[in-house]
Amino acid sequence: MMEFAFTLRYRLDERDCNYEELAERLAGSNCADALAGVGRSGYLALDFLRKAESAGAALSRAIADVACAIPSAELVDIRSDFKPT
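First, a word on what this report is: a plain description of the structure on this page. (Residues numbered from 1 in each chain as written. Predicted model: local features only at pLDDT ≥ 70, side-chain atom pairs only at ≥ 80, totals over all residues. Heavy atoms only, no water.)

The next thing to look at is the packing of aromatic side chains. Each aromatic ring pair is specified by the distance between its two centres and by the angle formed by the two planes. With the rule as written, the count across this model stands at one aromatic pair. Seen from their ring centres, Phe6 and Phe48 are 5.2 Å apart, and the 15 degrees between their planes marks the pair as stacked. Of this pair, Phe6 sits in strand β1 (residues 2–11) while Phe48 sits in strand β3 (residues 43–52); the two residues are 42 residues apart in sequence, bridging distant segments of the chain. Relative accessible area serves as the criterion here: at 3%, Phe6 is assigned to the buried category. (Phe/Tyr/Trp six-rings, centres within 6.5 Å; stacked < 30°, edge-to-face > 60°. Helix = DSSP H or I, 4+ residues; strand = E, 2+ residues; numbered from the N terminus. Buried < 20%, exposed > 50% of the residue type's maximum accessible area, 1.4 Å probe, protein only.)

This part is about the sheet that holds strand β4 (residues 74–80). Ordered by their spatial adjacency, four strands build an open sheet running β2-β3-β1-β4, and the pairing between neighbours is antiparallel. What marks the edges here is a single partner per strand, and that holds for β2 (34–37) and β4. Across this sheet, the average inter-strand angle for adjacent strands is 20 degrees, counted without regard to direction. One ladder, built from four bridges, connects β2 with β3; its direction is antiparallel. Across the sheet, the residue bridging to Gly37 is Ala45, located in β3. (Pairing = 2+ DSSP bridges. Axes fitted to C-alpha atoms, helices over the stretch in contact; angles between N-to-C directions.)

The subject of this paragraph is the nonpolar core. Of all hydrophobic cores here, the largest spans 21 residues; its most connected members are Phe6, Leu26, Phe48 and Ile70. Secondary structure elements with two or more residues in this core: β1, α1 (19–27), β3 and α2 (55–69). Among the elements that line this core, the one with the most residues is α2, at six residues. Setting aside residues up to four positions removed in sequence, Ile70 forms contacts with Leu12, Asp16, Leu22, Arg25, Leu26 and Leu44. (Core = buried A, V, L, I, M, F, W, Y, C linked by side-chain atoms within 4.5 Å. Contact = heavy atoms within 4.5 Å.)

A separate point is the side chain of Asp77. Tracing the backbone through its elements, the reader meets Asp77 in strand β4. A distance of 2.4 Å separates the side chain of Asp77 from the side chain of Arg79, its partner in a polar contact. Non-local contacts of Asp77, meaning those with residues more than four positions away in its chain, are made with Thr7, Leu8 and Arg9. (Polar contact = N/O pair within 3.5 Å; in protein donor to acceptor, adjacent residues only side chain to side chain.)

What follows is about the pattern of salt bridges. By the definition in use, this model includes eight salt bridges. Asp16 serves as the salt-bridge partner of Arg25, at 3.4 Å between the closest nitrogen and oxygen. Here Asp77 ties to Arg79 by a salt bridge, and the two come within 2.4 Å at their closest N and O atoms. One network of salt bridges, in which partners are shared, links Asp33, Arg50, Arg61 and Asp65. (Salt bridge = Lys/Arg side-chain N within 4 Å of Asp/Glu carboxyl O.)

Turning to the environment of Asn18, a few remarks are in order. With respect to the helices and strands, the residue Asn18 is situated in the loop between β1 and α1. Using a relative accessible area of 40% as the deciding quantity, one classes Asn18 as partly exposed. A distance of 3.2 Å separates a polar atom in the side chain of Asn18 from the backbone nitrogen of Glu20. Side-chain polar atoms of Asn18 contact the backbone nitrogen of Glu21, separated by 3.1 Å.

Next up, the structure:
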């Protein structure tokens, strides 16, 4: 397994404005390997360092994990050094 670094940026629904609660939900949904940041109100950036067999597997699993934690969040940007497979 290798480690892959990437950032996922989400637009948050108005109901998801309690960032402490979001952090707890993310940690409980296999996203403890992400560093969360809020640079702009209503948005959430997650910097991942995720172990996986491939870059595509790391990325797709992280997106699915965030969707479980914050179903109303809308993925607006993916930044990485790799090309998903």
